[in-house]
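A closer look at the structure
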Amino acid sequence: MASVLATVQRYLYIGNDVPFFFDVTEPLDIELGKKVLAPAVKPQPLTPAVNGASKRSKKVPKLKNVEPAPKGEQTRNETSGSLTTIPVPPVLALIKKILRVQTVRRLDECLFALAYCSRELPTVEERHSVYAELPELLSGSHELFVFLEYYTRLATQSGYAGFGHGLRGAITRWYDKYGALELAAIVASSNSVEGWSHADVIRKTHLKLACPAKQAVIDAATKRTSQLVSYIALRSAEKKDPEKANENGAIMDALNRYRTLREIRGAPSAVETVEYINKHGAITFELIPKQFRRSVKVWEALFPHLTYRELLAAALPMMDFSVLKTSDSSITKAYINALSDRRKAIEKEKINAIEVHDIVKLFSNLRRYKSKLKEKQQREKKNTNIIPPFDIFNMLDEIADYSLSHHPKTGARYYIALDLRRAHLKKHVLRSCIVECIEASALMAFSIFKREKNVTVVAFAEDEKSLRPVEFRQDMTWSQALKHCKDMVLPKTKAKLTMPIQNAQTNKQEVDVFITITDSLVRINPLRSAPAEALLEYRKAMNLNLTRYVAVSLCYHKPSLEFNENSMKTGGILELVGYNASNAKLIEAFAKNLFF
């Protein structure tokens, strides 16, 4: 069972049943999900011993970083009044744990796993244990809608697409966990996802809540605006009754909140939009009417209510809308002050340096998107191209340097090998026309070097038996580190995946994570063999059983390593494709042994 859960664990972190990760926006593979989850959800019974063989089962290694499944929750039987315990299956305990790791887990795979468990667990008690956890595990409208989409697909395939008592109760508890004003904001500001909206869910479940104010919001979600206004007027007239005054006050506050949020999309003027932001603050960029997204006053009012990640990303639409024009303008000063005053949020929000670097590169190239097609479509809509003031360029560069050393540490020991070839000076990473391979390699290594205490960075040489030291320093800026790597480029290099492992073993160097970064793993490893044997030998020689290996292919988009049965048993090997923040976060999770 431990090996089965290990496969599920890998699937929920990287969306694959083999150690290959490619972060793309492709739809979830339902058949792959069934293949991975079925053995864990419906485990096969152990076969009895035959011909006098020993009945004792073989010792199974303990699954890393998975808490033991809780014994269950006690609930009272409504008929007999006795207490019964609802068991929590091990696969559900694993899903719960990974869903809490919000920075790296694959959300769609986790939600599909929840839906699959709620449909396919063998007993009623186990299925109801999933429903008991849903209100806490589904943290927002998007997650609720995606879960329901997967649940409906599975239900349709099994011949029954209705919502049972358990699911209706879970959805009721999900809505009921919010306060009336919070529920009004959630229902009013959420967009439909996968064809689901709050009105669809409410009609499907015949939702009824005990709190009158919350129920008023639920009713309002399925009414027209004219009906909502009449409802508010009716409740206002009833305020003359002293017994209903407090109740009606809460109802009207919630309904007014709901109505205001619904109407903000059609606000008649930028002034009213600013007034709402200053009064409520619960507004996102998507809720701002399109005709006012070029308004300086709207942006200035919005800055304090954005997360720091949203604040950084705001540079791109403001540049695109020609909002940032001169250094002495109020909007430029307000934006620079907001970036500077709140920069400590980088560590709190776990913003990786790669996220900041992408924004810096787009902004400096006066682009909004990394994709050539999307940028071409965007440029066709623009009449002018105003260059933003250099004060913002300088501030974004400062933020990029700040983010390098202000990111949560893993505490692992790293050995990073870079392939610094001359071709990487012009070759771009996969699905990006603004970042060259040399930049991606240098930043991935330098960001780890700046925040961790024990990091060795080397570069492949013209001789396949030697490695060159990359002499990063802690006092270096990002531009200095990039120049240092560019100065080390060679016309050709002879790279080998096992070379870093062998070099560390020869020098008796203790390493937790080996990372090799190149443009194409197929080019340097044409036989496609994973470095499993070299890793096993290193673990044995250094007595380090948890040493891991990450191979990064910046350009080649298909799996480059072939894993046989022995290398799969080795574990601790992961192939990544492309250059993005998701890859960096996955390396952090891998280094902390969140999955193995």
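Owing to the predicted nature of the structure, the values given are computational and were not obtained by experimental measurement.

Moving on to the overall build of the protein chain. For the protein chain, the count of helices and strands is 28 helices and nine strands. Expressed as a percentage of its 596 residues, the buried residues of the protein chain come to 53%. Pairs at least 24 apart in sequence give 73% of the contacts found in the protein chain among residues at least 6 apart. As displayed, the protein chain has an accessible area near 29100 Å², and 50% of this comes from carbon and sulfur atoms.

Inspection of the secondary structure puts K214 in helix α10 (residues 212-220). K214 has contacts with D176, Y178, G179, A180, L183 and L209, leaving out every residue within four places of it along the chain.

Let us look at the pairing of strand β5 (residues 455-460). Of all the six residues making up β5, five are buried; the element is thus mostly covered by neighbouring parts of the structure. Of the pairings in the sheet, the one linking strand β4 (residues 414-418) to β5 comprises five bridges and is parallel in character. Following the sheet pairing, I416 is matched in β5 by V457. In this fold, β4 hands off to helix α22 (residues 437-451), which returns the chain to β5; that crossover is right-handed. Sheet topology note: the β5/strand β6 (residues 467-469) ladder contains three bridges and is antiparallel. Of the residues in β6, the one forming a bridge with V458 is P469. Between the antiparallel neighbours β5 and β6 lie six residues.

All right, on to helix α2 (residues 30-41) then. Of all the residues in α2, the buried ones are I30, L32, G33, V36, L37, A40 and V41. Projected down its long axis, α2 carries its buried residues within an arc of 155 degrees, all on one side. Seen from the buried face of α2, the exposed residues on the opposite side, beyond 90 degrees, are E31 and K35. Lining the buried residues of α2 we find α1 (2-14), α3 (90-99), α4 (107-120) and α6 (141-157).

Cut-offs applied
- Residues numbered from 1 in each chain as written.
- Predicted model: local features only at pLDDT ≥ 70, side-chain atom pairs only at ≥ 80, totals over all residues.
- Heavy atoms only, no water.
- Helix = DSSP H or I, 4+ residues; strand = E, 2+ residues; numbered from the N terminus.
- Buried < 20%, exposed > 50% of the residue type's maximum accessible area, 1.4 Å probe, protein only.
- Contact = heavy atoms within 4.5 Å.
- Areas by Shrake-Rupley, 256 points an atom, 1.4 Å probe, with all protein chains shown as cover.
- Pairing = 2+ DSSP bridges.
- Right-handed = clockwise from strand over helix to strand, strands pointing away.
- Arc of directions from axis to C-beta.

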